[in-house]
Every structure is written in C-alpha cells, then in structure tokens.
Amino acid sequence: MQVRVYYEDTDFSGIVYHANYLRFMERGRTNHLRLMGAEQQALFEQPATEDTGFAFVVRSMHLDFLKPARMDDVLDVVTWPVAVKGASIMLAQEVRRAEDVLVKAEVRVAFISGGRAQPIPKSIRAMMKADLIS
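Description of the structure in this document. All values derive from a computational prediction rather than experimental measurement.

### Quick word on the nonpolar core
Here's step 1: Membership of the largest hydrophobic core comes to 26 residues, with the highest contact counts inside it found for Tyr 21, Ile 89 and Met 128.
Here's step 2: Counting residues per element, this core draws most heavily on strand E5 (residues 100-113), at six residues.
Here's step 3: If we skip the residues at most four places from it in the chain, Met 128 touches His 32, Leu 33, Met 36, Pro 81, Val 84, Ile 89 and Leu 91.

This is the structure we're talking about:
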C-alpha cells in the first residue's frame, strides 16, 4: 500500500513523526485483510446472535526505526503474516521508500469478541496461512 507523506505527518524537523508510522501500518494491516476478503467492519457486524462482533486488536508491537522519511516521500507499507495461531496472528511490516527500509515492525494481533480472545474463524486462518512466507 502506498502512502504519501504530507506536512501534517512531519515534526518540527521536517521528518515523519514516529507515531505516524503506526497510522501508516494500521492502514496497511486493514488493507491486507481487505485484499484477502476479510474486511474488519464486516467482521465486527457479522454475528447476528452475538452481543458484539469480532475484531482484530493489537496485542503487542515491536518497532525498529532505521531511516527517516520526509515530506512528499512516497512510502510503501508492506504487510505479511509470519505465524497464524488459534486466536492470534503475528504479522511483519515494513515501511519502505523505494528500496530503502525505513521502519520494521512485528505486530501480534488478537481476534476478540466481547472483550475476550476467540479462535480465529477457519476461513480467515486458511487465508492467512495461504499467504505465509516460508
């Protein structure tokens, strides 16, 4: 997914403010799910018999900031699954400018309903596992 850096994404020094990479990567994870056919809004509204729907939530995140991005840069946010377990998925993400990797992240997301972890539906787990990079 491509993202252009705007003035509002930068800090006083003209580089992307570190917290804005989280927004870029959140969009990347949402688009990754959408491209696989699992839209988050549809998951949330899916079960008519449940009080609340299902959702993916960030459980943990590890970030390495390697190089800065600046205003008007066009960045690629790349997302891929690393491990798919019963109620969580480990994703790897990179924010790149052309061939340069600017930020690396490992993100663990949990699948929840009613505030509690739930098993990931088999259809979503199968889609994620099909996308695993060995």
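### Describing the pattern of salt bridges
Here's step 1: In this structure the tally under the stated criterion is six salt bridges.
Here's step 2: Asp 72 serves as the salt-bridge partner of Arg 4, at 3.9 Å between the closest nitrogen and oxygen. Taken together, the positions of Arg 4 in strand E1 (residues 2-4) and Asp 72 in the loop between strand E2 (54-65) and strand E3 (74-84) put the pair 68 residues apart, joining distant regions of the chain.
Here's step 3: Judged by relative accessible area, Asp 72 falls into the exposed class, the value being 51%.
Here's step 4: Note that Arg 96 and Glu 94 form a salt bridge whose closest N and O atoms lie 2.7 Å from each other.
Here's step 5: Residue Glu 94 is classed as buried on the basis of its relative accessible area, which comes to 12%.

### A word on the packing of aromatic side chains
Here's step 1: The final tally for this structure, using the stated rule, is three aromatic pairs.
Here's step 2: Taken together, a centroid distance of 6.1 Å and an interplanar angle of 85° make the contact between Tyr 21 and Phe 24 edge-to-face. Here Tyr 21 pairs with Phe 24, and both are found in helix H1 (residues 18-35), just three residues apart, close to one helical turn.
Here's step 3: Owing to a relative accessible area of 3%, Tyr 21 belongs among the buried residues under this scheme.
Here's step 4: Three or more aromatic residues link up through ring pairs in this structure, and these residues are Tyr 21, Phe 24 and Phe 65.

Cut-offs applied
Residues numbered from 1 in each chain as written. Predicted model: local features only at pLDDT ≥ 70, side-chain atom pairs only at ≥ 80, totals over all residues. Heavy atoms only, no water. Core = buried A, V, L, I, M, F, W, Y, C linked by side-chain atoms within 4.5 Å. Buried < 20%, exposed > 50% of the residue type's maximum accessible area, 1.4 Å probe, protein only. Helix = DSSP H or I, 4+ residues; strand = E, 2+ residues; numbered from the N terminus. Contact = heavy atoms within 4.5 Å. Salt bridge = Lys/Arg side-chain N within 4 Å of Asp/Glu carboxyl O. Phe/Tyr/Trp six-rings, centres within 6.5 Å; stacked < 30°, edge-to-face > 60°.

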